[in-house]
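Chain and residue survey
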Amino acid sequence: MNNFLSASPEIPNDVYTLFYSGQYDSVIVRLDTIKLEDPQNIEINSMLGDAFQKLQRWHEAIECYENVYQVQPKLKSNVMDYSIVLQKVGYSERAQKLLSTALTTDSTNTSLMRM
């Protein structure tokens, strides 16, 4: 799950406050509205995926992480989050393939090897 160490200009500061205070349903409502303007936005989809993951809404998290993956398939944090959620719903083979592909395209990515 992302740590959101740097704020994204597409996401208002109060959404970060909601996220860190555990108000994930409110985060989803806010980001769904913002996402209408830019459905493929990496930061918005990533935070949405994380909020869905916190609420154990696995399939919705998968959809968000897939959106990020389609735009930026080499984003390490997303590959890890995406594969974790895939594992949660029983798609172990798909998760392993995703991680394997990430390692193949970036053999220096040792953080993925520790999963």
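Placed above this text is the structure.
Here is a short report on the structure shown in this document. Predicted, not measured: the structure shown is a model, and the values here were computed from it.

Turning to the overall build of the chain, a few remarks are in order. Looking only at helices and strands, the chain has seven helices and zero strands in total. Along the chain, helices and strands appear, N-terminal first, in the series α-α-α-α-α-α-α. Pairs at least 24 apart in sequence give 46% of the contacts found in the chain among residues at least 6 apart. Entry remark: accessible area of the chain is about 6600 Å², with carbon and sulfur atoms responsible for 51%.

Tracing the chain through its elements places Leu-103 in helix α6 (residues 92-105). It is 9.9 Å that separates the C-alpha atoms of Leu-103 and Lys-76, two residues lying 27 residues apart in sequence.

A few words now on helix α4 (residues 58-71). The first and last C-alpha atoms of α4 sit 20 Å apart over 14 residues, in line with the 20 Å expected at 1.5 Å per residue. Considered for burial, the residues of α4 that qualify are Trp-58, Ala-61, Ile-62, Cys-64, Tyr-65, Asn-67, Val-68 and Tyr-69.

On to the pattern of salt bridges. A full pass over the atoms with the stated rule returns three salt bridges. Note that Arg-30 is salt-bridged to Asp-14, the shortest N-O span being 2.2 Å. Placement of the pair is Arg-30 in helix α2 (residues 24-35) and Asp-14 in helix α1 (residues 13-20), with a sequence separation of 16 residues. One continuous salt-bridge network, built from bridges that share partners, spans Asp-25, Arg-57 and Glu-60.

Now for the nonpolar core. Counting 29 residues, the largest nonpolar core has Ile-11, Val-27, Leu-31, Met-47, Leu-48 and Tyr-82 as its most contacted members. Those elements giving two or more residues to this core turn out to be α1, α2, α3 (42-54), α4, α5 (76-88) and α6. It is α4 that contributes the most residues to this core, six residues altogether. With sequence-adjacent residues up to four places away left out, Val-27 is seen in contact with Val-15, Leu-18, Phe-19, Met-47 and Ala-51.

Procedures and definitions
Residues numbered from 1 in each chain as written. Predicted model: local features only at pLDDT ≥ 70, side-chain atom pairs only at ≥ 80, totals over all residues. Heavy atoms only, no water. Helix = DSSP H or I, 4+ residues; strand = E, 2+ residues; numbered from the N terminus. Contact = heavy atoms within 4.5 Å. Areas by Shrake-Rupley, 256 points an atom, 1.4 Å probe, with all protein chains shown as cover. Expected span 1.5 Å × (residues − 1). Buried < 20%, exposed > 50% of the residue type's maximum accessible area, 1.4 Å probe, protein only. Salt bridge = Lys/Arg side-chain N within 4 Å of Asp/Glu carboxyl O. Core = buried A, V, L, I, M, F, W, Y, C linked by side-chain atoms within 4.5 Å.

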